[in-house]
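# Coordinates in review
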Amino acid sequence: MSYYLQKIKRYKRHFICVDCRKGFKKSNEKDFAEKNGELSLLLNAFYFSKPKKKLSKKEKDALKLKYFERVEDCPQCNQKMKEVSMSFKAPAKNKLKEWKELMKK
Ligand SMILES: [Zn+2]
């Protein structure tokens, strides 16, 4: 089994829901692709310097949209969440002023 396909602990993507005033961690694109059985396809398209299979631009764009520009819905209210950096720390739920600032972004 190749190095890339081994089970390794992957980072999570971080999202916030400004309506619920909560932060959520979501699996990253590789975990998501693995679940869909498309991990090798994704790795082939974006991570290998010499892809085994050449994908068309259309196929690549579809994968990009599916895995990298994926919008996560809030697990509580189903609204679209905002993606934040991994170092971002969501304010406490009662810090209304800070959440208001985040809403503007
Ligand atoms: Zn929410």
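Refer to the structure above for everything that follows.
Only a predicted model underlies this, so the values are computations on that prediction, with no experimental measurement involved.

### With respect to the overall build of the chain
Across its full length, the chain carries 4 helices and 3 strands. The helix and strand sequence of the chain, counted from the amino end, reads β-β-α-α-α-β-α. In terms of overall dimensions, the chain has a C-alpha envelope of 50 × 30 × 20 Å along the principal axes. The proportion of buried residues among the 105 residues of the chain is 10%. For the chain, the proportion of contacts with a sequence separation of at least 24, taken over those separated by at least 6, is 54%.

### Observations concerning the sheet that holds strand 3 (residues 82–84)
Across the sheet, which stays open at both edges, the 3 strands sit in the order 2-1-3 with antiparallel pairing between neighbours. Edge strands, defined here as strands with exactly one partner in the open sheet, are strand 2 (22–27) and strand 3. Here the average twist between neighbouring strands, direction ignored, is 40°. In this structure, strand 1 (residues 12–17) lies alongside strand 2, joined through 6 bridges in antiparallel fashion. Bridge pairing links H14 to K25 in strand 2.

### As for the pairing of strand 1
Linking strand 1 to strand 2, which pair antiparallel, is a turn of 4 residues; within it R21 sits at a positive phi near 55°. Direction of pairing for strand 1 relative to strand 3: antiparallel, over a ladder of 3 bridges. Its bridge partner lying in strand 3, H14 is registered against V84.

Each value, and the rule that gives it
Residues numbered from 1 in each chain as written. Predicted model: local features only at pLDDT ≥ 70, side-chain atom pairs only at ≥ 80, totals over all residues. Helix = DSSP H or I, 4+ residues; strand = E, 2+ residues; numbered from the N terminus. Buried ≥ 20, exposed ≤ 12 C-beta atoms within 10 Å, placed from the backbone. Contact = placed C-beta atoms within 7 Å. Pairing = 2+ DSSP bridges. Axes fitted to C-alpha atoms, helices over the stretch in contact; angles between N-to-C directions.

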